[in-house]
Amino acid sequence: MKSTRTLAVFMTALLLASACSPPGGEDGVNGDAGGDATVDQSELVIGIANDVSGREWDPALTAGGTAIPVLYSIYDTLYDFDEDGLPQPHIVESDELSEDELTLTMNIHSGITFHDGSELTAEDVAFSLDRVRGEDESLEGPAYTSSLALIDYVEVEDDYTVIIHLSEPDPILRNSLAYLPGMVVPSDYVQEVGNDGFLADPIGSGPYVLESSTPGQEFTLQLFDDYAFETGEAFEEVNLQVLTEGATRIAQLRAGDIDFAVDVDISQVEALEGDGFQISTNPSGQFLSVIFNHRTEVLEDPQLRQAINLAVDRESIIESLYDGLASATGTMDANISADLVEPFEYDPEQAEDLLEASSYDGETLIINYPSGRYPQDSQLIQTVQANLGDIGLDLEIHSMDSNQWLDGLQEKTLDDMSLTLLSNTNYDSYQSLWSATACEGPWSLWCDEDLEEELERLSRLQGEERLEGFIELSEGFKEDPPALFLLDFHQVYAMQEGIQWYPTPGYRNFDYTDIRPE
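A few points on the structure. (Residues numbered from 1 in each chain as written. Predicted model: local features only at pLDDT ≥ 70, side-chain atom pairs only at ≥ 80, totals over all residues. Heavy atoms only, no water.)

The next thing to look at is the overall build of the chain. In terms of regular secondary structure, the chain is built from 15 helices and 21 strands. Here the C-alpha radius of gyration of the chain, 22 Å, is about what a compact globule of 518 residues would show, namely 24 Å. Considered along the principal axes of its C-alpha atoms, the chain spans approximately 65 × 60 × 40 Å. By residue count, 59% of the 518 residues in the chain fall in the buried class. A separation threshold of at least 6 residues defines the contact pool for the chain, and within that pool the share at least 24 residues apart is 73%. As displayed, the chain has an accessible area near 19800 Å², and 42% of this comes from carbon and sulfur atoms. Here the chain holds 19 positive side-chain charges and 104 negative ones, and the gap between their average locations is 2 Å. (Helix = DSSP H or I, 4+ residues; strand = E, 2+ residues; numbered from the N terminus. Rg over C-alpha atoms; globule rule 2.2 N^0.38 Å. Buried < 20%, exposed > 50% of the residue type's maximum accessible area, 1.4 Å probe, protein only. Contact = heavy atoms within 4.5 Å. Areas by Shrake-Rupley, 256 points an atom, 1.4 Å probe, with all protein chains shown as cover. Lys, Arg positive; Asp, Glu negative; His and termini not counted. Charge placed at Lys NZ, Arg CZ, Asp CG, Glu CD.)

In structure tokens, the structure reads:
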């Protein structure tokens, strides 16, 4: 059996590389020489910007972000995305959708084992799906109930056959099952140790085992000897160092303490290239936005939210802070590019007129942001503050620890606005927008019942009608924006010599077997 995930990441990168490559290199990689350090062929050390802790270890609870490639490494999904972003069987060996599209019968591979040696069976699949659906009352706040909302019940026919019964057809069910909602956990183990015990010591059937974890500092993954699928020439051990400051990641890369740095400061790219490090970059498909809190009364006024969008000079931000390696966005839907929905124009005069006509009366609004979580986040927020100040809106910045900020986002206790990153995780608009705008969305501070009803309606459409419906919805955000739409920045990674990897176009749907020694 062979996992499609490695092929998907590699082939998609090759297909898009010519369109994404910066000057000085091909296939998204600039330069052939690495730094002075030599990569240990058995161990890969990665400097990451954010910790993975607490709820983030459980695929039913995590908000995603940094945790995604870690979880793809620990757990297997029922389906995998191929190079075209289409779901293909993974744990599932074959499937059959009934003629009325209300029953999906999945035949799963035999011989897949969890990290504790137990076999993965249909009982584990059903248990995992029910946890995500919110059927386990002991599991507080599952994050992706909307992804599986059309499932009526899950039936176990035999050890290797699972039948999903739907209340109505779900055109993106397989997409959802190729992402976090489709990750399978061991039912006996979770029930034995409880949900808290599982967070403390998570196990799956994926290519890597969580060997150790020190919250806020580091964690180590060990290649699983009995993994059911082919991994190729993967690193035997992956050590992830939590280095929240970009400058620290670069310093440790230069010193040879780490082999691979994520979210590299764009201003450092030229110098790193000149010193022989490999640089890999491409559009991330991750949209930076400032989400609005519906609990802030003055932000209920759409004229104020329009004014905020018109006041921000996105092109200046892209050139000055991102060296041109970003593009302006006109929606929170990371499935829809700027050529489909145009961004707001920079028009401070109109913004000032709208502000004056709105219910804003000089209040100081507070914006939260997780310091160091996103590229150039501090400078970006300061620029937004200055742009809004130019039209007469008073914005106060509150920097937060990334974990503290994430807890506040999940608990809906952040202030008036917050910088956040919104992604197209399952290659469909519904999950992206639901997560970012729904009352219970894991990345949302917004709550609009009419918008949620429209999202539910669109979720039932298929093909071109579905895409056109979501484009029309995003175009409607011009009149009633639930966020300040900013930009899609490019992913930038720096590596020592001796590493072969290409970034995942669109998002982080990969596991660490995709990063390989040359």
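On to the sheet that holds strand β7 (residues 103-108), then. On the basis of which strands lie adjacent, the open sheet formed by four strands has the order β6-β7-β9-β8 and antiparallel pairing. In this open sheet, the two edge strands, each paired with only one partner strand, are β6 (92-97) and β8 (151-158). Put simply, the sheet's adjacent strands are angled 20 degrees from each other on average, direction ignored. Bridge count between β6 and β7: five bridges; the pairing is antiparallel. (Pairing = 2+ DSSP bridges. Axes fitted to C-alpha atoms, helices over the stretch in contact; angles between N-to-C directions.)

This part covers the state of the cysteines. Applying the stated rule across the entire model yields one disulfide. With its sulfur 1.9 Å from that of its partner, Cys439 forms a disulfide with Cys447. In this structure the cystine formed by Cys439 and Cys447 twists about its S-S bond by roughly 80 degrees; its chirality is therefore right-handed. A relative accessible area of 28% means that Cys447 is categorised as partly exposed. (Disulfide = S-S within 2.5 Å.)

Unusually for a residue other than glycine, Glu101 sits at a positive phi of about 60 degrees. Looking at where Glu101 falls in the secondary structure, it is placed in the loop between β6 and β7. A residue is classified by how much of its surface remains accessible, and Glu101, at 31% relative accessible area, is partly exposed. A positive phi angle, close to 55 degrees, is found at Asp323, a residue other than glycine. Summarising the element assignment, Asp323 is placed in the loop between α9 (314-322) and β15 (326-328).

Another aspect to go through is the environment of Ala386. Residue placement: Ala386 occurs in helix α11 (residues 377-390). In this structure Ala386 comes out as partly exposed when scored by relative accessible area, which is 41%. Residues Ala386 and Val312, 74 residues apart in the sequence, show an inter-C-alpha distance of 8.9 Å.

With that settled, the discussion passes to the pattern of salt bridges. Evaluation of the coordinates by the stated rule reveals ten salt bridges. Note that Arg133 and Glu135 form a salt bridge whose closest N and O atoms lie 3.9 Å from each other. A salt bridge links Arg305 to Asp480; its shortest N-O distance comes to 2.6 Å. Of the two residues, Arg305 is situated in helix α8 (residues 302-311) and Asp480 in the loop between α15 (463-476) and β19 (483-495); the sequence distance between them amounts to 175 residues. For Arg305, a relative accessible area of 2% puts it in the buried group. Assessed through its relative accessible area of 34%, Asp480 is described here as partly exposed. A cluster of three or more residues bridged by salt bridges with shared partners is formed by Asp130, Arg133 and Glu135. (Salt bridge = Lys/Arg side-chain N within 4 Å of Asp/Glu carboxyl O.)

On the surface, a cluster of negative charge is contributed by Asp116, Glu119, Glu123, Glu157, Asp158, Asp159, Asp188 and Glu192. For the negative patch, the secondary structure elements donating two or more residues are β8 and α5 (187-200). A relative accessible area of 62% means that Asp188 is categorised as exposed. (Patch = residues over 30% accessible without salt bridge, like charges linked within 9 Å, V, L, I, M, F, W, Y side chains within 5 Å.)

Once that is clear, we can look at the packing of α9 against α11. When two helices pack together, their arrangement is given by the angle between the helix axes and by the axis-to-axis distance. Direction vectors running N to C along α9 and α11 enclose 145 degrees, while the axes themselves pass 11 Å from each other. Like other packed secondary-structure pairs, α9 and α11 cross with a definite hand, here right-handed. Between α9 and α11, the contacting residues are Ile317, Leu321 and Tyr322 on the first element and Gln379, Leu380 and Thr383 on the second. Looking at the contact of α9 with α11 residue by residue, the class counts come to four nonpolar, two polar and no charged. (Left-handed = near helix turned anticlockwise from the far one by under 90°. Nonpolar A, V, L, I, M, F, W, Y, C, P; charged D, E, K, R; others polar.)

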